Amino acid sequence: IWVDAIGDAVLSNDTMKTVINGVAFYPVKKLLFEETTGTWCGYCVRGIIYMDSLWELYRNDVNIVSVHNYNGYDPMAIENTETEAYDAYTYSLIPAFPGLIVDRTLITDAGDALLDYATLHSNNFGFANLAMTYSITGGNINTSVTVMPAMNLSGDYRLELIVEEDSVYGTAAGYAQHNNYVGLTVGPMYGCGYNFNDSTNPIPAGNIKFPFVARYTIPNSLTTTPNGIAGSLPGSMSIGTGYSYTFAPVPNASDWVTAHLKVVVLLIDNNTTSYTYGKVLNSVNTVIPLGVTNIAAGIESFRVLPNPAANDAHILIELKETSSVGCTIYDMLGKEVFRVPVEEMMLGGHQINFSTA
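All of these numbers come straight from a predicted model, not from anything done at the bench.

A. Quick look at the pairing of strand 2 (residues 62-68). Within strand 2, seven of the seven residues are buried, which leaves it mostly tucked inside the rest of the structure. With burial as the criterion, each face of strand 2 is covered, one bearing Val62, Ile64, Ser66 and His68 and the other bearing Asn63, Val65 and Val67. Pairing of strand 1 (residues 31-37) with strand 2, which is carried by seven bridges, proceeds in the parallel orientation. In the strand pairing of strand 2, Leu31 is matched with Val62.

B. How the structure looks around the packing of helix 1 (residues 45-58) against helix 3 (residues 114-121). The interhelical angle for the contact between helix 1 and helix 3, taken along N-to-C directions, is 35 degrees, at an axis separation of 9 Å. The crossing of helix 1 and helix 3 is right-handed. Where helix 1 abuts helix 3, its residues Tyr50, Met51, Ser53, Leu54, Leu57 and Tyr58 lie against Leu114, Leu115, Ala118 and Thr119. Considering only residue class, the contact of helix 1 with helix 3 consists of eight nonpolar, two polar and no charged.

C. Molecular detail of helix 3. Those residues of helix 3 that sit buried are Leu114, Tyr117 and Ala118. The arc enclosing the buried residues of helix 3, seen along the axis, measures out at 100 degrees, which places them on a common side. For helix 3, the elements touching its buried residues are strand 1, helix 1, strand 3 (99-102) and strand 4 (106-109).

Cut-offs applied
Residues numbered from 1 in each chain as written. Predicted model: local features only at pLDDT ≥ 70, side-chain atom pairs only at ≥ 80, totals over all residues. Heavy atoms only, no water. Buried < 20%, exposed > 50% of the residue type's maximum accessible area, 1.4 Å probe, protein only. Helix = DSSP H or I, 4+ residues; strand = E, 2+ residues; numbered from the N terminus. Pairing = 2+ DSSP bridges. Axes fitted to C-alpha atoms, helices over the stretch in contact; angles between N-to-C directions. Left-handed = near helix turned anticlockwise from the far one by under 90°. Contact = heavy atoms within 4.5 Å. Nonpolar A, V, L, I, M, F, W, Y, C, P; charged D, E, K, R; others polar. Arc of directions from axis to C-beta.

Here it is in structure tokens:
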């Protein structure tokens, strides 16, 4: 690109150039959203809401991980030391809670612009296709991934693994979620099957379940930031060739619900001279929870808020498993007045909205 201007006496700055790289194919891209949060944080319910909305709208295009704050003595900041390094690393990146990290590139607040980020960055170049295989045998979660680059890659590229669990809850006081939105008109503050405006502060531990909770990471060193496993990928990778790696088995902890577990694998650039150094180039997940095999579906809880309702009402349901769900509403004479078409819903909390009109 060049510029000609009449009377320009300095020609040295009139021309610039760049290189456009051609690729063999355009990889399937999944954005990684990491949310730093904590049950002690009264504003972090905002993160719960927006992450839930993001998953409902873009679940095929995103991975979401909630990193509960270790230093805040949150009981979901994994009980073993594997998470402490991960928590400390994400905490070091954000200015405040709830924080949002997109592909470890964009750092922001977990707020209104979240869905815009998903739209704007959904076509980011993913560098390689990632394919995952996984199983649970002998009490261990076993994961392998194959990386197929869309361009020749040379240098230090690495893989990272995160095990996460949905619908996490407990009875200890630390599981109670502080909620600064009680009685406020900000919102509506709905998400994961909860109306946080009409709830309490704090929300009792037994009344709330947390999605996308990070449970285990590889690497898990306390002395380095989670920048992937050194040597997990060769120093030179060719276009269209598959490179496979098998992670060390992850012990399936006794307090994890196997049917609620998912695995996320990240492709990370660890080349210190690269403009994408330390960033997540692409990610892949199991999509379906690890333990879902011939398990009977069912509704764990069912509520309608508000009740009675003047204008709009919200049906809040909690699913035991990924299920096909429909909803029909009748009047007192048994006449059908409203129907929600059957659709697949993931395990956990969901909200169906309708007008009393």
